[in-house]
Amino acid sequence: MRILMISDTIEFSGAEESVVTLAKSLCENKNIKLRLCSTRFIDNRMERLSFEDSHVINRKRPLSIEELYSTLLNPIILARNLRHCLDVADDFRPDVVHSGIFISVLPSIIIAKRLKVPVIEHIHDYRVLSLTDLPFLEGAVSQLSYSQELKYCLKKVELYKAIFAVGFRRLFHSLYNQCDLLIAVSNFVKRSLSPYLKPPIEVLYNAVDIENEGRSREKKRDKVSIVYSGRLSSAKGFPLFLRAFDLLLKSGIDMEIHITGMGELEPLAHHFAEAYKKNVQFHGFLPRNELYDLIMSSHVTVHPSLWPEPCPLSVIKSVKLGTTAIASNRGGLPELLPPKYLFNPKQKDLRNKLFKFFRNPDEFPPSLAVDTSPESIANRLVDIYRLLTYGV
């Protein structure tokens with residue numbers, strides 16, 4: 001069976017990484033021949049994959065979701081990417097087209113109709129309802145009116161870009177409804193989007209494979225060490241993280257705080273590290289091996305998201321690396337972690353959860369509530385492909 005998987009870009013966030021992990025796992029199935037069609041920015045660090053066919057965009061990798069979509073929806077870039085995908089499809093002749101992330105549904109639908117094959121859309125977030133995270137920072141997901149959507153977009157981009165973005169988002173919503181099947185990365189995503197989408201929705205959690213990554217398992221540091229790793233944004237709760245740890249450090253608790261990642265709030269990270277030089281390190285972007293070593297040697301990772309996280313890789317990775325993860329109770333996070341590892345994303349609740357961990361860390365061993373192995377998820381996906389293609 002020949003699978004054409006199309007992704008917005010090869011390396012940006014957890015969604016892109018999960019697509020690549022899933023593609024790698026599918027390639028290990030002797031009955032699957034896969035081609036990954038995507039884009040790269042000039043400063044992407046990931047080595048090219050043997051099954052990858054990516055078009056290079058002559059720009060640096062964006063720092064925010066809004067900047068990413070502003071780039072990918074540029075008419076010239078969009079047209080070039082679409083032409084590239086069509087050329088790859090004509091050469092590869094797939095049996096199924098699998099759209100990995102939001103914008104890739106456009107070339108996927110065109111190719112599927114042209115070749116008369118089934119098309120699947122993988123839903124990693126809520127972009128089908130809004131291109132910005134802002135409407136969902138209270139944890140709920142709902143469809144916006146045109147004026148509401150435009151208002152939120154204007155908080156991030158200029159007027160002409162906001163109008164363009166709202167129009168394109170609504171176009172993509174209609175494209176989702178032309179798919180044969182949708183795959184959501186958590187039950188929360190399925191429940192949240194089902195009222196607004198017509199195709200059937202299956203649930204497959206994000207696949208995470210960290211075997212052979214990093215160096216040897218690191219010994220835990222002598223001093224209690226905490227890691228924040230991910231996009232530095234309000235949606236991810238980074239300001240909440242800083243406020244909570246500002247109070248903890250002022251109370252005299254001796255700890256190490258490590259902040260890694262990129263994003264629009266990098267200046268806040270630099271300022272916080274400068275204010276607490278003895279306790280805080282801002283690492284910026286870390287290569288995967290270095291990040292994994294840091295997580296393995298730390299005691300706990302904190303994931304204080306305000307928006308309803310669909311299925312964050314950072315939580316899954318932490319646990320698989322042997323480090324406890326505590327997280328907000330938003331979105332799909334309660335599906336990944338047992339209840340005692342969750343907190344309401346408020347400063348006081350995060351601080352209280354950390355106090356409980358500091359007092360008795362043995363009560364909080366690394367724990368996941370679901371299976372996220374690439375093999376099992378890929379096997380389920382192959383069954384879906386067969387059902388769509390052969391009806392069995």
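The preceding data block contains the structure.
Quick caveat, the model's predicted, so the values are computed rather than measured.

### Description of the overall build of the protein chain
Thought 1: Within the protein chain one finds 14 helices and 13 strands.
Thought 2: Here the protein chain has a C-alpha radius of gyration of 21 Å; the compact-globule value for 392 residues is 21 Å, and the two agree.
Thought 3: Sequence separation of 24 or more characterises 67% of the internal contacts of the protein chain that already satisfy a separation of 6 or more.
Thought 4: In the form shown here, the protein chain has an accessible surface area of approximately 16,700 Å², with 51% of it arising from carbon and sulfur atoms.
Thought 5: Of note, the protein chain has its 52 positive side-chain charges centred 3 Å away from the centre of its 44 negative side-chain charges.

### A word on the sheet that holds strand β5 (residues 119-123)
Thought 1: The seven strands lie next to each other as β3-β2-β1-β4-β5-β6-β7, forming an open sheet whose pairing is parallel. Among the strands making up the open sheet, the edge pair consists of β3 (52-57) and β7 (201-203). Geometrically, the sheet is characterised by an average inter-axis angle of 20 degrees between neighbouring strands, direction not taken into account.
Thought 2: Bridging between strand β1 (residues 2-6) and strand β4 (residues 96-99) involves four bridges; their strand directions are parallel. Within the sheet, the bridge partner assigned to M5 lies in β4 and is H98.
Thought 3: Packing against the sheet, helix α1 (residues 14-27) makes contact with β1, β2 (33-41) and β5, and its axis sits at approximately 155 degrees to β2.

### Describing the nonpolar core
Thought 1: Counting residues in each nonpolar core, the largest one holds 140 residues, and the members touching the most others are L26, F241, F245, I259 and Y385.
Thought 2: The greatest single-element share of this core, amounting to eight residues, is contributed by helix α8 (residues 238-250).

### Observations concerning the pattern of salt bridges
Thought 1: Summed over all chains, the structure comprises 21 salt bridges.
Thought 2: Residue E52 pairs with R48 through a salt bridge whose shortest N-O separation is 3.7 Å.
Thought 3: One salt bridge connects E158 with K161, and the closest N-O pair in it is separated by 3.8 Å.
Thought 4: Overlapping salt bridges, with partners in common, bring together D125, R127, D133 and R231 in one network.

### Quick notes on the packing of α8 against helix α13 (residues 347-359)
Between two packed helices, what matters for the description is the angle formed by their axes and the separation of those axes.
Thought 1: For the pair α8 and α13, interaxial distance at closest approach is 9 Å and the crossing angle is 55 degrees. By the criterion of interaxial angle, the relationship of α8 to α13 is oblique. Seen from above, α8 lies across α13 with right-handed handedness. For the pair formed by α8 and α13, the contact residues are L240, F241, R243, A244, F245, L247 and L248 on the first element and Q347, L350, R351, L354 and F355 on the second.

### Section: the sheet that holds strand β11 (residues 300-303)
Thought 1: As summarised here, the arrangement of the six strands in space is β10-β9-β8-β11-β12-β13, forming an open sheet in which the pairing is parallel. In the strand order of this sheet, the two ends are held by β10 (280-284) and β13 (342-343), each with one partner.
Thought 2: One ladder, built from two bridges, connects strand β8 (residues 225-229) with β11; its direction is parallel. Residue pairing for β11: I226 is matched across the bridge by V300.
Thought 3: Packed on one face of the sheet, helix α9 (residues 266-275) meets β9 (256-260) and β10 and runs near 150 degrees to β10.
Thought 4: Its contacts with the sheet place helix α11 (residues 313-320) against β8, β11 and β12 (324-328), and it is angled at close to 155 degrees to β12.

### Brief notes about the packing of aromatic side chains
Each aromatic ring pair is summarised here by two numbers: the centre-to-centre distance and the angle between the ring planes.
Thought 1: Scanning the model with the defined rule gives 16 aromatic pairs in all.
Thought 2: Between Y341 and F364, the aromatic rings sit 5.6 Å apart at their centres with planes inclined by 90 degrees, giving edge-to-face as the arrangement. Note that Y341 is positioned in the loop between α12 (333-336) and β13 and F364 in the loop between α13 and α14 (374-390), a separation of 23 residues in sequence. One exposure class covers both Y341 and F364, and it is buried.
Thought 3: Grouping aromatic residues by their ring pairs yields a cluster made of Y69, F102, F164, F168, F172 and Y176.

Reading guide: rules and limits
- Residues numbered from 1 in each chain as written.
- Predicted model: local features only at pLDDT ≥ 70, side-chain atom pairs only at ≥ 80, totals over all residues.
- Heavy atoms only, no water.
- Helix = DSSP H or I, 4+ residues; strand = E, 2+ residues; numbered from the N terminus.
- Rg over C-alpha atoms; globule rule 2.2 N^0.38 Å.
- Contact = heavy atoms within 4.5 Å.
- Areas by Shrake-Rupley, 256 points an atom, 1.4 Å probe, with all protein chains shown as cover.
- Lys, Arg positive; Asp, Glu negative; His and termini not counted.
- Charge placed at Lys NZ, Arg CZ, Asp CG, Glu CD.
- Pairing = 2+ DSSP bridges.
- Axes fitted to C-alpha atoms, helices over the stretch in contact; angles between N-to-C directions.
- Core = buried A, V, L, I, M, F, W, Y, C linked by side-chain atoms within 4.5 Å.
- Buried < 20%, exposed > 50% of the residue type's maximum accessible area, 1.4 Å probe, protein only.
- Salt bridge = Lys/Arg side-chain N within 4 Å of Asp/Glu carboxyl O.
- Parallel < 35°, antiparallel > 145°, perpendicular 65-115°, else oblique.
- Left-handed = near helix turned anticlockwise from the far one by under 90°.
- Phe/Tyr/Trp six-rings, centres within 6.5 Å; stacked < 30°, edge-to-face > 60°.

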